Amino acid sequence: MTDEIYPWFHDAWTAIHDNEKLPHALLFKGKAGIGKGKFARTFAKSYLCHNPLHHHLACDGCKSCSWFPDTHPDFKYIVPMEDEEDESKKRKMVRQKNIVIDQIRELSEYLELSAHQEKGRRIILIEPADALNQAASNALLKILEEPPANTLFILVTSHAQKLIATIRSRCQLLELRGPSLQEATSYLQGQAIHIPEHLLSFSGNSPFTAMNEMEHQSEREVITKLLSQGHRIDFTQVNYSILTQGLDWTLSIIQKWTFDLLLHFHTHQTYYFKKEEAHIESQTKQMNMDVLLSFVNELNALKKIASHPINQELQLENIFVKFKQVFEPS
Ligand SMILES: [Zn+2]
């Protein structure tokens with residue numbers, strides 16, 4: 001089967017091939033859930049292919065294609081290390097996974113060996129690059145400062161601001177735009193996947209985020225129901241079940257709700273919660289803007305540390321208490 005380039009990436013695919021001399025390092029940046037990783041792997045395969053087809057896609061018939069990705073001697077794919085899961089009886093903790101220094105040291109040793117093929121090209125794909133921890137980032141920076149010949153680094157991220165600036169500045173940026181609602185809908189239809197439109201909007205039109213969200217519908221509904229209650233929030237519903245996907249995930253839903261409160265306040269429209277527009281509208285009439293803005297800041301601050309092991313239930317309870325205060329008369 002020939003590789004496919006998602007329709008919303010066609011321009012980026014052309015742009016990358018119009019680039020006559022590629023730099024040492026590329027940074028693929030764009031929203032989560034739009035297929036950046038697959039795009040990067042498709043590019044890596046075609047870049048190493050011996051007989052690329054029309055439109056630069058890999059041939060799928062040469063030796064290089066048959067090796068790709070797992071046994072290709074000129075391709076290194078660096079992803080976060082799997083942590084053993086926490087078998088806590090209460091719930092599954094979602095732990096942060098990092099790309100660690102040992103992985104970059106190993107890469108360094110690999111790079112000292114010469115490229116295997118006659119074509120002499122190597123690709124190092126790092127995904128997601130924002131998972132590089134501090135020590136690994138510094139080690140990678142050293143490599144990028146004196147880049148080995150005939151080696152192309154590709155870093156993929158949805159959070160470019162989390163990369164250290166000195167790494168960012170050594171990469172040429174390729175912005176990958178996500179699909180419009182219409183593009184996402186017709187892509188999913190073509191795959192015979194049905195995702196309700198409100199869920200696609202909730203996922204910021206990212207088809208793969210929406211597919212993932214389909215699986216967590218019941219947890220999301222509990223959180224949405226809580227948020228809809230505003231100042232009448234039922235705290236007995238704030239329990240472990242809404243943390244099964246981790247505090248980070250739960251907070252991102254609350255962030256989307258506050259985004260819609262602000263958006264509706266100014267434009268009378270919602271972006272993420274189309275189905276709950278009536279609740280949002282009535283909340284905008286009760287809310288205290290100053291309290292909401294400080295609540296938003298607090299959410300952002302907590303989100304930064306949300307994937308670290310902190311007391312998640314306590315933090316979440318505290319967040320809902322503060323959410324309620326947004327709608328209380330001062
Ligand atoms: Zn090939």
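Summarised in this report is the structure supplied together with it. Note that the structure is predicted; figures quoted are calculated from it, not measured. (Residues numbered from 1 in each chain as written. Predicted model: local features only at pLDDT ≥ 70, side-chain atom pairs only at ≥ 80, totals over all residues.)

### Brief notes about the sheet that holds strand β1 (residues 25-29)
Definition in use: At least two DSSP bridges between two strands are required for those strands to pair. Note on conventions: DSSP H or I runs of at least 4 residues are helices, E runs of at least 2 residues are strands, and numbering of each starts at the N terminus. Throughout, an axis means a line fitted to C-alpha atoms (over the contacting stretch in the case of helices), and angles, computed between N-to-C directions, take values from 0 to 180 degrees.
The five strands are arranged β2-β3-β4-β1-β5 in an open sheet whose pairing can be described as parallel. Strand pairing shows two members of the sheet lacking a second neighbour, β2 (75-78) and β5 (172-175), which therefore form its edges. In this sheet, adjacent strand axes meet at a mean angle of 20° when their direction is disregarded. Inspection of the sheet shows β1 paired to β5 by four bridges, in the parallel sense. What sits directly across from L26, in β5, is Q172.

### Thoughts on the nonpolar core
We apply this condition: By definition, a nonpolar core groups buried Ala, Val, Leu, Ile, Met, Phe, Trp, Tyr and Cys residues that are joined through C-beta atoms within 7 Å. With C-beta atoms placed from the backbone, the exposure class of a residue follows from how many other C-beta atoms lie within 10 Å of its own: 20 or more, buried; 12 or fewer, exposed; in between, partly exposed. In this description, any two residues whose backbone-derived C-beta atoms lie within 7 Å of each other are considered to be in contact.
Among the nonpolar cores identified, the biggest contains 41 residues, and F28, A40, A44, I123, L125, I154 and L155 are the most heavily contacted of them. Counting residues per element, the ones that place at least two in this core are β1, α2 (36-48), β2, α4 (101-112), β3 (122-126), α5 (134-145) and β4 (151-157). In terms of residues, this core owes the most to one element, α2, which gives six residues. Those residues in contact with L155 that sit more than four places away from it in its chain are A25, L27, I126, A129 and C171.

### Here's the deal with the packing of helix α10 (residues 217-228) against helix α11 (residues 247-267)
To keep it simple, the criterion reads: Should an angle fall under 35 degrees it is taken as roughly parallel, and over 145 as roughly antiparallel, whereas 65 to 115 is taken as roughly perpendicular and any remaining angle as oblique. For a crossing to be left-handed, the near helix must be turned anticlockwise from the far one by less than a right angle; the clockwise case is right-handed. Three residue categories are used. Nonpolar comprises Ala, Val, Leu, Ile, Met, Phe, Trp, Tyr, Cys and Pro, charged comprises Asp, Glu, Lys and Arg, and polar comprises the others, including Gly.
Between α10 and α11, whose axes approach to 11 Å, the crossing angle comes to 40°. Taken together, the axes of α10 and α11 lie oblique to each other. Every pair of crossing elements has a handedness; the one defined by α10 and α11 is right-handed. Side by side, α10 and α11 meet where R220, I223 and L227 of the first sit next to T250, I253, I254 and W257 of the second. Its residues assigned to classes, the contact of α10 with α11 comprises five nonpolar, one polar and one charged.

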